[in-house]
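Secondary and tertiary structure notes
Here is what each chain is made of, one letter per residue.
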Amino acid sequence: MNEVDSGSGTPDAVEVAADAVRRLTAAILESRVRGVATPDVSEKISVLADRLEAVAAHPRECVTGKIGTHEGALQRSPVSGPKNPVAIPLRFEQCDDGSSLAHTEFPRQYQGPPGLVHGGVSGLVLDVAMAVANSAAGRAGVTAEMTLRYLRPTPLYTEVTVRGRHVRVEGRKTWSQGTLEVDGETTVVCDGLFITKELAL
Ligand SMILES: CCCCCCCCCCCCCC(=O)SCCNC(=O)CCNC(=O)[C@H](O)C(C)(C)COP(=O)(O)OP(=O)(O)OC[C@H]1O[C@@H](n2cnc3c(N)ncnc32)[C@H](O)[C@@H]1OP(=O)(O)O
């Protein structure tokens, strides 16, 4: 089983900052944390945001050049990217049979119904799980269609197993399937259709 390259192993300054922002996001959402509502704390956070925004790349630069490389896409992915504060982040492994596998716990910021993972977030994660499996099969492409079946609730703060597998191909079309599992029970199944397409990274 190989780990899919979504980081160097040793977190760099951006990864450490991204992780701090993740913790901050969860803390802001945590109703017990009243301190964040004080002007002192919120002003400090705003000052930092202003400082980073002032030196951030223009959005156009984010989709081309170095940041847009294959490696950059994984490291900044909203699912697996250690450099993306919005990411969970998930560390995918590629199994010997080509399927993708990851284990995670979803924190509060991914909540839909109280205590449960938002269904759209499940879809987001499964899209990438399938894309990683497709990529291993040499069938990278864009998502054309996804059908999600929510069989059981997926709880927050509980170990969730994420799997993606490549099912079959026909011309430019690739069919794949992804699942979320909790305690050995499948909670979400996603069937995806991907179309092979050259991406201008
Ligand atoms: C180790 C490394 C790991 C790396 C991991 C990578 C991680 C990265 C993870 C990132 C993951 C992120 C993933 C993302 O988020 S990808 C972002 C979300 N997806 C998109 O933005 C796609 C937008 N759509 C398009 O670009 C085009 O419409 C596509 C490319 C899909 C087709 O336009 P194109 O002009 O090129 O092709 P065509 O029209 O000749 O159609 C071709 C065939 O396909 C069939 N068809 C088309 N659409 C649909 C449909 N909706 N349902 C059913 N069938 C459909 C069509 O009937 C035809 O079939 P046939 O007539 O030949 O039988």
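Residues numbered from 1 in each chain as written. Predicted model: local features only at pLDDT ≥ 70, side-chain atom pairs only at ≥ 80, totals over all residues. Heavy atoms only, no water.

If you look the chain up in an unreviewed UniProt entry, it shows as Acyl-coenzyme A thioesterase THEM4 from Rhodococcus artemisiae. According to the UniProt record, the Sequence similarities (unreviewed entry) comment for the chain is "Belongs to the THEM4/THEM5 thioesterase family." (UniProt positions renumbered as here; feature names shortened; annotations may be inferred.)

A few points about the site of the ligand
Taken together, the neighbourhood of the ligand is formed by 17 residues, with Thr-143, Glu-145, Arg-172, Lys-173 and Lys-197 sitting nearest. At 3.0 Å, a side-chain N or O of Lys-197 approaches an oxygen atom of the ligand. When the ligand sits alone it has 1300 Å² of accessible area, and the protein chains cover 49% of it. The set of elements that each furnish at least two residues to the shell around the ligand consists of α4 (70-75), α5 (119-136), β4 (141-150) and β7 (185-196). Taken together, the residues of the shell around the ligand break down into eight nonpolar, four polar and five charged. (Near = heavy atom within 4 Å. Polar contact = N/O pair within 3.5 Å; in protein donor to acceptor, adjacent residues only side chain to side chain. Areas by Shrake-Rupley, 256 points an atom, 1.4 Å probe, with all protein chains shown as cover. Helix = DSSP H or I, 4+ residues; strand = E, 2+ residues; numbered from the N terminus. Nonpolar A, V, L, I, M, F, W, Y, C, P; charged D, E, K, R; others polar.)

Side note on unusual backbone geometry
The step from Ile-88 to Pro-89 runs through a cis peptide bond, and the omega angle for that step is -20 degrees. Among the secondary structure elements, Pro-89 is positioned in the loop between α4 and β2 (93-94). The backbone of Tyr-157 shows a phi angle near 50 degrees, a positive value even though the residue is not glycine. The topology assignment puts Tyr-157 in the loop between β4 and β5 (160-170). You can call Tyr-157 partly exposed: its relative accessible area is 47%. The residue Asp-183 is not glycine, and still its phi comes out positive at about 50 degrees. Residue placement: Asp-183 occurs in the loop between β6 (173-182) and β7. The class for Asp-183 is exposed, based on a relative accessible area of 73%. (Buried < 20%, exposed > 50% of the residue type's maximum accessible area, 1.4 Å probe, protein only.)

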